[in-house]
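# Inside the fold
Okay, here's what each chain looks like letter by letter:
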Amino acid sequence: MSKTVLTTSEIQFANAEFLPEVVKILNEGHTVTLRLRGYSMRPFLENDRDKALLVKPSSIKVGDPVLAEVNPLHFVLHRIDSIEGDNVTLRGDGNLGVEHCKKENIVGAVIGFYRKGRKEMDATDAWKWRTYSYIWTRLLPLRRYILGAYRRIWIPIFGTI
Amino acid sequence: MKVKNGFNLREVCGEHIIVAEGDENIDFSNIISMNESSAYLWEEVQKMGTFTVDNLVELICNQYEIDEATARKDAVALAAQWGTAGIIEGDDIPEDQSTNEKELTAETKDDIKEDVLKQESKPKKKGLFKRLFG
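Chain B is annotated in an unreviewed UniProt entry as Coenzyme PQQ synthesis protein D (PqqD) from Prevotella jejuni.

What follows is the structure in structure tokens.
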């Protein structure tokens, strides 16, 4: 066979343009793998390193990481903090504050994450994610200090986890 | 040569990307994208069933003002790339020779202009003090 000479390069799409297309594809019944941006899901997920496998949401519950359109054309991938009727409160694992949206603004559910370029997925229904979620959400009162220490001490010395 | 079944073009944010129809998952961290001209050729040869390099040359010459020799060179390179990408099948896929002449094959190559090439330089080792307070 011939050598692989296809040029590989990185294309960056603007979220506001790209994610509506992703939502359309999800609604067609496909699943979508996306590279993640931002630091709002630290410490588990890292900007530009990890990927998420998304699916059209069927049922959502507190604790699930979801793709949500919190403002028109502004999408976030955050964890559901609480659901009251039609109102959903979201909080990124790496965030202290919350965002609000309606149930219909939840446009994607996460099947799992690919971390650190691995081929194996960390599924959201597997022990690793569930254990991490259990501990991390309960550490909320200490989150400010843990994240601060992680960012200012841990990462400079040991790098991201 | 023949276009493999189910590999359809789809436009996402102005990029022509190949999506395998049967595939449940669409992996945006690893996509095959085509520029305007190769996307056009892809759609044409998809209609044709089987195609040869001569067909590609004909299509290119009809669509663009370009001499046949250049068109042929581009057609061979493109078909070879499609072969490498695994989106066409057949015995007459030309050998991929673009390793050394990447820059020469102009028009139909999948050149993506607005790409931000990742510059991954390994962070330099710093002393503990600098790492903490630098």
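Moving on from the model shown.
### Here we look at the overall build of chain A
Tallying secondary structure elements over chain A gives three helices and eight strands in all. Relative to its length of 161 residues, chain A is compact, with a C-alpha radius of gyration of 17 Å against a globular reference of 15 Å. Its C-alpha atoms give chain A principal-axis dimensions of roughly 55 × 45 × 30 Å. Evaluated residue by residue, chain A yields a buried proportion of 24% over its 161 residues. Considering only contacts in chain A between residues 6 or more positions apart, those separated by 24 or more positions represent 47%.

### Quick notes on the nonpolar core
Residue and element names in this part refer to chain A. Val32, Leu34, Ala52, Leu54, Leu67, Ala68 and Val110 are the most contacted members of the largest nonpolar core, which totals 27 residues. When residues of this core are traced back to their parent elements, those giving at least two are α1 (15–27), β1 (31–35), β2 (51–55), β3 (65–71), β4 (74–84), β5 (87–91) and β7 (106–114). With five residues, β7 is the single largest residue contributor to this core. Residues contacting Leu54, with those up to four places away along its chain left out, are Leu26, Thr31, Val32, Leu34, Leu67, Gly108, Ala109 and Val110.

### A word on the confidence of the model for chain A
As a general rule, the predicted coordinates of low-pLDDT regions are not to be interpreted in detail. On average, residues of chain A score 90 in pLDDT, and 96% of them reach the 70 mark or higher. Looking at the elements of chain A, mean pLDDT is at its lowest for α1 of chain A, recorded as 88, and at its highest for β5 of chain A, recorded as 96.

### Digging into the packing of helix α2 (residues 53–63) of chain B against helix α3 (residues 68–85) of chain B
Residues and elements named next belong to chain B. Relative to each other, α2 and α3 sit at 125°, their axes nearing to 9 Å. It follows from the interaxial angle that α2 and α3 lie oblique. In this structure, the crossing between α2 and α3 has a hand that is right-handed. Taken together, the residues of α3 that come into contact with α2 (itself represented by Val53, Leu56, Val57, Ile60 and Cys61) are Glu68, Ala71, Arg72, Asp74, Ala75, Val76, Leu78 and Ala79. Tallied by class, residues from the contact of α2 with α3 come to 10 nonpolar, no polar and three charged.

### Remarks on the packing of helix α1 (residues 36–48) of chain B against α2 of chain B
All names here are of chain B. Interaxial distance between α1 and α2 falls to 11 Å at its minimum, and their mutual angle equals 130°. Looking at the two axes, α1 sits oblique to α2. Taken as a pair, α1 and α2 cross one another with a handedness that is right-handed. In this structure, α1 uses Tyr40, Leu41, Glu44, Val45 and Met48 to contact α2, whose residues at the interface are Asn55, Leu56, Leu59 and Gln63. Counted by class, the contact of α1 with α2 contains six nonpolar, two polar and one charged residues.

### A few points about α1 of chain A
Residue and element names in this part refer to chain A. The end-to-end C-alpha distance of α1, which contains 13 residues, comes to 18 Å, matching closely the 18 Å that a straight helix rising 1.5 Å per residue would cover. Of all the positions in α1, only Leu19, Val22 and Leu26 are classed as buried. What you see down the axis of α1 is that its buried residues fit within an arc of 55°, all on one side. Turned more than 90 degrees from where α1 packs its buried face, Glu17, Lys24 and Asn27 sit exposed. Buried positions along α1 lie against β1, β2, β4 and β7. Gly29 lies just past α1 and shows a positive phi near 105°.

### Quick look at α3 of chain B
Residues and elements named next belong to chain B. Taking 1.5 Å of rise per residue, the 18 residues of α3 would be expected to cover 26 Å, and the 25 Å separating its terminal C-alpha atoms lies within 8% of that figure. Considered for burial, the residues of α3 that qualify are Ala71, Asp74, Ala75, Val76, Ala77, Leu78, Ala79, Ala80, Gln81, Trp82 and Gly83. Of the surrounding secondary structure, the elements contacted by the buried residues of α3 are α1, α2 and β6 (88–89). Positive backbone phi, at 80°, marks Gly86, one or two positions downstream of α3.

### With respect to unusual backbone geometry
Residues and elements named next belong to chain A. Residue Pro43 is bonded to the preceding Arg42 through a cis peptide linkage, with omega at 5°. Residue Leu73 is not a glycine yet carries a positive backbone phi of 65°. Tracing the chain through its elements places Leu73 in the loop between β3 and β4. By the C-beta count within 10 Å, which is 11 here, Leu73 ends up exposed. Despite not being glycine, Lys116 has its phi angle at roughly 50°, a positive value. The topology assignment puts Lys116 in the loop between β7 and β8 (122–123).

### Here we look at the environment of Tyr40 of chain B
Residue and element names in this part refer to chain B. Mapped onto the fold, Tyr40 is located in helix α1. On the basis of neighbour count, Tyr40 is assigned to the partly exposed category, with 18 C-beta atoms found within 10 Å. Sequence separation of Tyr40 and Glu11 is 29 residues, and the distance between their C-alpha atoms is 12 Å.

The rules behind these values
Residues numbered from 1 in each chain as written. Chains lettered and ligands numbered in written order. Predicted model: local features only at pLDDT ≥ 70, side-chain atom pairs only at ≥ 80, totals over all residues. Helix = DSSP H or I, 4+ residues; strand = E, 2+ residues; numbered from the N terminus. Rg over C-alpha atoms; globule rule 2.2 N^0.38 Å. Buried ≥ 20, exposed ≤ 12 C-beta atoms within 10 Å, placed from the backbone. Contact = placed C-beta atoms within 7 Å. Core = buried A, V, L, I, M, F, W, Y, C linked by C-beta atoms within 7 Å. pLDDT = per-residue confidence, 0-100. Axes fitted to C-alpha atoms, helices over the stretch in contact; angles between N-to-C directions. Parallel < 35°, antiparallel > 145°, perpendicular 65-115°, else oblique. Left-handed = near helix turned anticlockwise from the far one by under 90°. Nonpolar A, V, L, I, M, F, W, Y, C, P; charged D, E, K, R; others polar. Expected span 1.5 Å × (residues − 1). Arc of directions from axis to C-beta.

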